[in-house]
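Commentary on secondary and tertiary structure
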Amino acid sequence: MKSKLNYLIGISLGRKIKTKWFLFANIILAIIIMGIINIDSIISLFGGDFNQKQEIYVIDNTGVAYDVFKEQLNNISLNLNVEDTNGSNYKLEKYDKSIEESKKMLEKKDSALVVVFNNDIQNVINVEIISKEYIDLVEIQSITGAINNTKVALAILNSNISMEEINNIYAPIEIERTFLNEKMNSEDENMEIIVTTVFPIIILPFFMLTIFLVQMIGAEVNDEKATRGMEIIISNVSPKTHFFSKVIAGNLFVIMQGALLIVYAGIGLFIRKLIGGSSIVGGLGNEVSNILNSVMNSGFGEKLIYILPLTLILMLLTFLAYSLLAGILASMTTNTEDFQQLQTPIMIISLIGYYLAMMAGVFKGSLFIKIISFIPFISAILSPSLLVLSQIGIIEIMISIILTIITIWVLIKYGLKIYKVGILNYSSKDLWKKMWKAIKD
């Protein structure tokens, strides 16, 4: 049996791997993943420059607005960029010529813009922004915010308050968080932000591989039934051997594909380092970078020692459970269209788990979300996010693992009986009765 099982596994894997489509798909995936990781360098290669500062020429008809505007713009820019040692994304220059001359200058510079400050008795100042083309949304918001702050600062300055005091007024405030609940801290609060923003991106490959696994096993079983090849195979091997060969081959394939995705990401990061690209985390800005640093410094790195292995075990068991279920359902159908209808509930279950993982922070402390995290097929997506948020502990995730193992045992024990009846059944008439009879027998 072992030699026949290995032979069928090899045949099944070969049908998936030794194809031009597999090679083509992985080349495309590798290019996409490495391209996304180095997207800024690629854009720079074709003429873009992420390090180039926005040129702003200031016509200051007030005599005092330029210095205040420069200070306010630097303060706003500091919160958006951690790479720049000057703390600013902008290159400001005082422009002493007329507005008409500035317009002629802008005709030769696509990315530059001119800001004109004029005195206004009623509103302190009035401002005109001149540019050749549209301004980026983030940049226009930053510039507008700095202009509004400049107006307020000048109004305060007119009240005989020193510039040093004005700078102190606009300086960022250091906020200290105090939690009455001793179990809560600012690091856990930051962790909720990371889970709701970063975790869905991390878990997406697992979600996609799960869907691919279900479709792949179903399509292969239905293909063998449609071509009547199933009759030849089952005349030489037992249904049990055939069933396990499909499940094992499918799991080996998705594990290998998942490993390849990690390799592509690693190569992309290595290329980024070779070409001198900036840190991906640093490019996210001060706020995100500070949150990540505070979380890692809080001891979260130590938690990863047990979070990662438990999550990996739960994911592998869930792959196995999905593949068993897919094989059983595929054996009950007579064509690919019927299987696609049967796999719809599986997709819905996966989507529920994915969206609940995204909104895990909303259900904080809820008994509902904890109970849902124990459900097999969902737990692999939801439980890790709750574990990171400290909403569940190691005991709860161990319970999820045990429940998944029990589900796998049930699928093997009773599903194999259904598989034996279903794979040689080419009629959907009274199929459910036959399945139920097989389980009882």
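In this text the structure is predicted, and so the values were computed from the model without any measurement.

**Here's the deal with the packing of aromatic side chains**
- Inspection of the entire model under this criterion finds 11 aromatic pairs.
- Centroid distance phenylalanine 22 to phenylalanine 253: 5.6 Å. Interplanar angle 55°. Geometry classified as tilted. Taken together, the residues phenylalanine 22 in helix H2 (residues 20–37) and phenylalanine 253 in helix H11 (residues 239–274) connect sequence positions 231 residues apart.
- The class of phenylalanine 22 is buried, set by a relative accessible area of 15%.
- Taken together, a centroid distance of 5.8 Å and an interplanar angle of 35° make the contact between phenylalanine 243 and phenylalanine 244 tilted. Per residue, the accessibility class of phenylalanine 243 equals that of phenylalanine 244, and both read buried.
- Grouped by ring-pair contacts, the aromatic residues Phe22, Phe212 and Phe253 constitute a single cluster.

**Some details on helix H6 (residues 137–157)**
- With 21 residues, H6 ought to run about 30 Å at 1.5 Å a step, and its terminal C-alpha atoms sit 30 Å apart, in line with that.
- Among all positions in H6, only Ser142, Ile143, Ala146, Ile147, Thr150, Ala153, Leu154 and Ile156 are buried.

**Some thoughts on the confidence of the model for the protein**
- Across the protein, the average pLDDT comes to 77, with 76% of residues at 70 or higher.
- Low pLDDT (under 50) marks residues 81–87, which in the prediction has 16 contacts with non-local residues, meaning those over four places away or in another chain.
- Low confidence marks residues 283–288, where pLDDT is under 50. Its contacts with residues over four positions away, or in another chain, come to 8 contacts.

**Quick look at the packing of helix H15 (residues 379–388) against helix H16 (residues 394–422)**
- Interhelical geometry of H15 versus H16 gives an angle of 170° and a closest axis separation of 10 Å. When the axis of H15 is compared with that of H16, the two are roughly antiparallel. Residues Ser379, Ser383 and Leu387 of H15 touch H16, and the partners they reach there are Ile394, Ile397, Ser400 and Thr404.
- Broken down by class, the residue content of the contact of H15 with H16 amounts to 3 nonpolar, 4 polar and no charged.

**Description of the pattern of salt bridges**
- Taken as a whole and assessed by the stated rule, the structure comprises 4 salt bridges.
- The closest approach of N and O atoms between glutamate 220 and arginine 15, which form a salt bridge, is 3.7 Å. Highlighted residues: glutamate 220 in helix H9 (residues 199–226) and arginine 15 in helix H1 (residues 2–17), separated in sequence by 205 residues.
- With its nearest N and O atoms 2.8 Å apart, the salt bridge here joins glutamate 220 to lysine 246. Of this pair, glutamate 220 sits in helix H9 while lysine 246 sits in helix H11, placing them 26 residues apart in sequence. With respect to burial, glutamate 220 and lysine 246 carry one shared label: buried.
- Each of the salt bridges in this network shares a partner with another, and the network as a whole consists of Arg15, Lys16, Glu220 and Lys246.

**Things to note about unusual backbone geometry**
- Residues other than glycine seldom take positive phi values, yet phenylalanine 377 does so here, at roughly 80°.
- Its place among the elements puts phenylalanine 377 in the loop between helix H14 (367–372) and H15.
- Among the residues examined, phenylalanine 377 registers a relative accessible area of 14% and is labelled buried.

**Let's talk about the side chain of serine 350**
- Note on placement: serine 350 falls in helix H13 (residues 336–358).
- Overall, the relative accessible area of 2% leaves serine 350 in the buried class.

**A few points about the packing of H11 against H16**
- Contact geometry of H11 with H16 gives a least axis separation of 10 Å together with a crossing angle of 115°. Taken as axis vectors, H11 and H16 run roughly perpendicular relative to one another. The hand of the H11/H16 crossing is right-handed. Residues Pro239, Lys240, His242, Phe243, Phe244 and Lys246 of H11 pack against Ile412, Leu416, Tyr419 and Lys420 of H16.

Quick notes on the rules
Residues numbered from 1 in each chain as written. Predicted model: local features only at pLDDT ≥ 70, side-chain atom pairs only at ≥ 80, totals over all residues. Heavy atoms only, no water. Phe/Tyr/Trp six-rings, centres within 6.5 Å; stacked < 30°, edge-to-face > 60°. Helix = DSSP H or I, 4+ residues; strand = E, 2+ residues; numbered from the N terminus. Buried < 20%, exposed > 50% of the residue type's maximum accessible area, 1.4 Å probe, protein only. Expected span 1.5 Å × (residues − 1). pLDDT = per-residue confidence, 0-100. Contact = heavy atoms within 4.5 Å. Axes fitted to C-alpha atoms, helices over the stretch in contact; angles between N-to-C directions. Parallel < 35°, antiparallel > 145°, perpendicular 65-115°, else oblique. Nonpolar A, V, L, I, M, F, W, Y, C, P; charged D, E, K, R; others polar. Salt bridge = Lys/Arg side-chain N within 4 Å of Asp/Glu carboxyl O. Left-handed = near helix turned anticlockwise from the far one by under 90°.

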